[in-house]
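# Structure assessment
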Amino acid sequence: MRIRDDRIAIICVDETGSEETVTYAQMFEEVKLYTAAFRKLGLQEGDALACYMSNRKEAVFAMLAATSIGAIWGGPQPYFGGRVASNIIAKMEAKFLITVDHHQDNGNSYDIMENLPVIVENCSRLEKIIIIPSKEETVANGISHIRNGIFLDEFLDSGRNLDGSIPDILFEQLPFGHPTFLNFTSGTTGDPKGVVHSAGTLITHLENIGFNYNLKSGDGLFQWCPVGWSMWDCFIPCLALGIKLVLYCGSPFWVRDGINVWDLIAKYKVNYSPFIPSMLDKLEKFQILPSPGSNLECLKVVLMGGSPVKVQNLKFVQRVAGEDTFVGILYGATETFGCFTGADMNLPVYAGESQVPALGIDVRVVDENGQSIIGKKGEIIFTTPFPGFPIYLWNDVDNTLIKKIYLSKYPGAWCQHDEGWINPETKGLLIIGRSDDILIQNGDRFAPADIYFAIHGMEEIMDYICVNQNREDGECRAVLFVKLKPGYTFTPELRKKIAFTIDKELWEDCVPQVILEVPDIPYNVNNKRLESVVRKIVATNQIPQVNNLRNPECLKYFFDRPELRNWN
């Protein structure tokens with residue numbers, strides 16, 4: 001917020017072709033007005049503000065306003081349905097919600113207004129629901145049915161003085177460790193966990209942007225991630241350095257009038273863009289390439305992460321952007337609100353490997369006894385404190401949960417539950433996949449609990465279990481097994497219904513690529529669904545010896561399934 005001149009701060013683009021430019025001066029005035037309105041309506045230090053919208057400028061304004069007050073920022077992804085979104089907002093104990101009525105992604109229409117009644121019903125602490133109307137019918141229909149609902153313009157007007165002026169913004173002076181950001185993990189045990197970071201975490205991103213990526217004032221960064229994904233927060237520090245954010249609201253695979261994502265990167269002279277491997281897989285598969293008139297000479301840096309990176313991903317980017325573009329591989333997580341590894345443009349990049357650790361990070365691969373190993377597969381741990389680590393987990397009394405999940409397996413080290421190995425020749429880190437029950441598909445990380453939450457209410461389904469399947473080339477997919485209630489048959493129509501339900505409640509990339517029927521689901525004697533056992537059967541096509549299984553006879557139903565055995 002220190003830059004307040006006429007340099008371009010934000011360029012907003014969406015799938016319909018709409019375009020808007022915001023200068024740093026305009027952004028400051030907007031944030032000042034948002035802050036005044038939030039304060040007028042009672043948002044205070046320590047309160048939670050939830051955001052449920054697509055990748056829009058209003059999210060940036062609201063986040064900067066909230067953090068100036070000392071409020072906590074977070075929210076669900078805009079693709080989530082009402083039940084999943086309300087679950088996250090309720091967990092946040094949010095005082096305010098800011099949302100948009102509608103958005104489009106890959107040509108699909110997401111009507112958030114339909115989800116608001118569910119959110120209102122399940123989130124009793126919400127005092128105000130601020131709605132950005134993007135469609136005329138939203139204003140025409142009104143929002144009287146949304147308890148505590150208020151349109152954005154009315155909300156902003158409430159912050160003005162009687163003479164129409166805007167009160168000066170007051171930046172609360174708070175400790176380094178004051179909670180600022182709340183992001184929810186995909187979850188490894190039970191429900192997703194709320195990871196809380198302080199404003200001090202942003203130091204790591206300023207270091208990345210200014211030093212590792214070598215971005216300077218006037219450069220442009222292409223940002224396609226919406227709120228609800230920690231990558232959205234990661235790039236906000238660009239605004240402190242005079243770097244313009246190109247906010248793209250939509251799918252990277254959407255092509256309008258022959259214009260695709262590469263053409264947008266060329267048009268706005270983007271210097272840096274993050275990608276995930278599955279995104280590049282689809283861009284290559286669909287042959288989405290720069291148009292003949294597009295020039296990507298400004299694109300200096302492309303960094304990939306989110307899941308294991310394949311050789312063809314690097315080759316595709318080099319073919320599209322040219323060999324002068326630096327293509328790096330990052331490894332990070334929601335828990336770190338950023339990356340464990342960095343990028344060094346003075347060193348060679350080896351396919352599939354992260355080059356170097358992030359500044360201040362001691363990355364090790366260890367065996368089951370916690371001994372460092374090189375050239376062998378093991379578990380990845382971190383043995384030094386780091387500003388990017390969370391200050392705590394939301395509602396984790398006495399830090400019991402954070403210690404149990406991340407700090408107990410290897411005393412004195414943070415364990416992210418990922419497997420990898422260090423190349424003895426290059427010293428690069430290659431990420432193999434998760435060592436726990438997390439699901440990775442299409443570059444997204446989500447939990448079995450997310451899938452269970454989505455389909456739990458389906459009348460046809462008695463029980464379910466969802467696991468990840470990994471291929472040798474690093475490709476991952478989710479596999480869902482369902483047990484039906486008596487009287488129902490697993491038909492193609494039912495499979496489509498299950499997929500549709502998950503798409504509606506979560507989003508399309510979370511729909512398991514394989515959905516199969518089984519007569520029973522394995523549980524241990526403590527009545528815990530055993531994802532780890534099923535995952536092992538899927539991975540090895542062998543039935544392991546398990547001593548505490550309540551119904552061991554059911555394991556045969558997961559063994560030697562041709563739909564899984566023949567994946568290549």
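Residues numbered from 1 in each chain as written. Predicted model: local features only at pLDDT ≥ 70, side-chain atom pairs only at ≥ 80, totals over all residues. Heavy atoms only, no water.

### Focus: the nonpolar core
Ranked by size, the top nonpolar core spans 171 residues in total, and within it F38 and F481 carry the most contacts. Once residues lying within four places of it in the same chain are set aside, the contact partners of F38 are L43, L49, A62, A65, I69, F96, I130 and F155. Counting 21 residues, the second largest nonpolar core, distinct from the first, contains F340, V365, F389 and I422. (Core = buried A, V, L, I, M, F, W, Y, C linked by side-chain atoms within 4.5 Å. Buried < 20%, exposed > 50% of the residue type's maximum accessible area, 1.4 Å probe, protein only. Contact = heavy atoms within 4.5 Å.)

### Here we look at the domain arrangement of the chain
Domain assignment breaks the chain into domain 1 (24-197), domain 2 (304-434) and domain 3 (440-564). Each of domain 2 and domain 3 has a C-alpha centre, and these two points are 28 Å apart. (Domains from an automatic or database assignment.)

### Some details on unusual backbone geometry
Glycine aside, negative phi is the norm for most residues, and most peptide bonds take the trans geometry. In the Ramachandran plot, K427 falls in the positive-phi region, its phi being about 65 degrees despite a non-glycine side chain. Here K427 is to be found in the loop between strand 25 (414-422) and strand 26 (429-434). Judged by its relative accessible area of 52%, K427 falls in the exposed class. Even without being glycine, D560 reaches a positive phi, approximately 60 degrees. (Helix = DSSP H or I, 4+ residues; strand = E, 2+ residues; numbered from the N terminus.)

### Here we look at the pattern of salt bridges
Throughout the structure, instances matching the rule amount to 24 salt bridges. As a salt-bridge pair, K95 and D47 come within 3.1 Å of each other at their nearest N and O atoms. Of the two residues, K95 sits in the loop between helix 3 (82-92) and strand 5 (96-100) while D47 sits in the loop between helix 1 (24-40) and strand 3 (48-52), which places them 48 residues apart along the sequence. In this structure K95 comes out as buried when scored by relative accessible area, which is 15%. Residues participating in the shared-partner salt-bridge network are E20, R56, K57 and E58. (Salt bridge = Lys/Arg side-chain N within 4 Å of Asp/Glu carboxyl O.)

### With respect to the packing of aromatic side chains
Counting across every chain of the model gives 23 aromatic pairs. Arranged with centres 6.0 Å apart and planes meeting at 25 degrees, the rings of F38 and F96 form a pair that is stacked. Here F38 is found in helix 1, whereas its partner F96 is found in strand 5, with 58 residues between them in sequence. Taken individually, F38 and F96 each receive the classification buried, so the pair is uniform in this respect. Ring centres 5.0 Å apart and planes at 20 degrees place the aromatic pair Y213 and Y272 in the stacked group. (Phe/Tyr/Trp six-rings, centres within 6.5 Å; stacked < 30°, edge-to-face > 60°.)

### Considering the sheet that holds strand 31 (residues 514-517)
Reading across the sheet, the three strands line up as 29-30-31 and stay open at both edges, with mixed pairing between neighbours. The open sheet has two free edges, formed respectively by strand 29 (461-470) and strand 31, since each of these has just one partner strand. Averaged over all neighbouring strand pairs, the angle between strand axes comes to 20 degrees, with direction disregarded. With nine bridges joining them, strand 29 and strand 30 (residues 476-484) adopt antiparallel strand pairing. The residue of strand 30 that forms the bridge with I461 is L484. (Pairing = 2+ DSSP bridges. Axes fitted to C-alpha atoms, helices over the stretch in contact; angles between N-to-C directions.)

### Focus: helix 10 (residues 277-285)
Since one α-helical turn is 3.6 residues long, residues separated by three or four positions face the same way. Within helix 10 the residues assigned to the buried category are P277, S278, M279, L280, D281 and L283. Looking one or two residues beyond helix 10, the residue adopting positive phi is Q287, at roughly 55 degrees.

### Focus on the pairing of strand 15 (residues 301-304)
Along strand 15, one buried face is formed by V301 and L303 and the opposite face, lined by V302 and M304, is buried too. In the sheet, strand 14 (residues 272-275) pairs with strand 15 via four bridges, with the strands oriented parallel. The partner of S273 across the bridge, within strand 15, is V302. The parallel pair strand 14 and strand 15, bridged by helix 10, forms a crossover whose chirality is right-handed. (Right-handed = clockwise from strand over helix to strand, strands pointing away.)

### As for the sheet that holds strand 11 (residues 194-198)
Read from one edge to the other, the open sheet built from eight strands follows the order 9-8-5-3-4-10-11-24, with strand pairing classed as mixed. If you trace the sheet from one side to the other, it starts and ends with strand 9 (149-151) and strand 24 (392-393), each paired once. Two elements, strand 4 (residues 72-74) and strand 10 (residues 179-184), share two bridges in a ladder whose sense is parallel. Bridge pairing in strand 10 links G74 to L182.

### A word on the packing of helix 13 (residues 448-455) against helix 14 (residues 492-505)
Between helix 13 and helix 14, the least distance of the axes is 9 Å, while the angle of their chain directions is 110 degrees. Put simply, helix 13 runs roughly perpendicular to helix 14. Within the contact between the two elements, helix 13 uses I451, A454 and I455 and helix 14 uses I498, T501, I502 and E505. (Parallel < 35°, antiparallel > 145°, perpendicular 65-115°, else oblique.)

### Observations regarding helix 14
The end-to-end C-alpha separation of helix 14 is 20 Å, in line with the 20 Å expected for 14 residues at 1.5 Å each. Among the residues making up helix 14, those that are buried are L494, I498, A499, T501, I502 and E505. When helix 14 is viewed along its axis, its buried side chains cluster within an angular range of 160 degrees and face the same direction. Along helix 14, the residues that are exposed and aim more than 90 degrees away from the buried face are P492, E493, K496, F500 and K504. (Expected span 1.5 Å × (residues − 1). Arc of directions from axis to C-beta.)

### Quick look at the environment of N87
Secondary-structure assignment places N87 in helix 3. For N87 and M279, which are 192 residues apart along the polypeptide, the C-alpha to C-alpha distance reads 28 Å.

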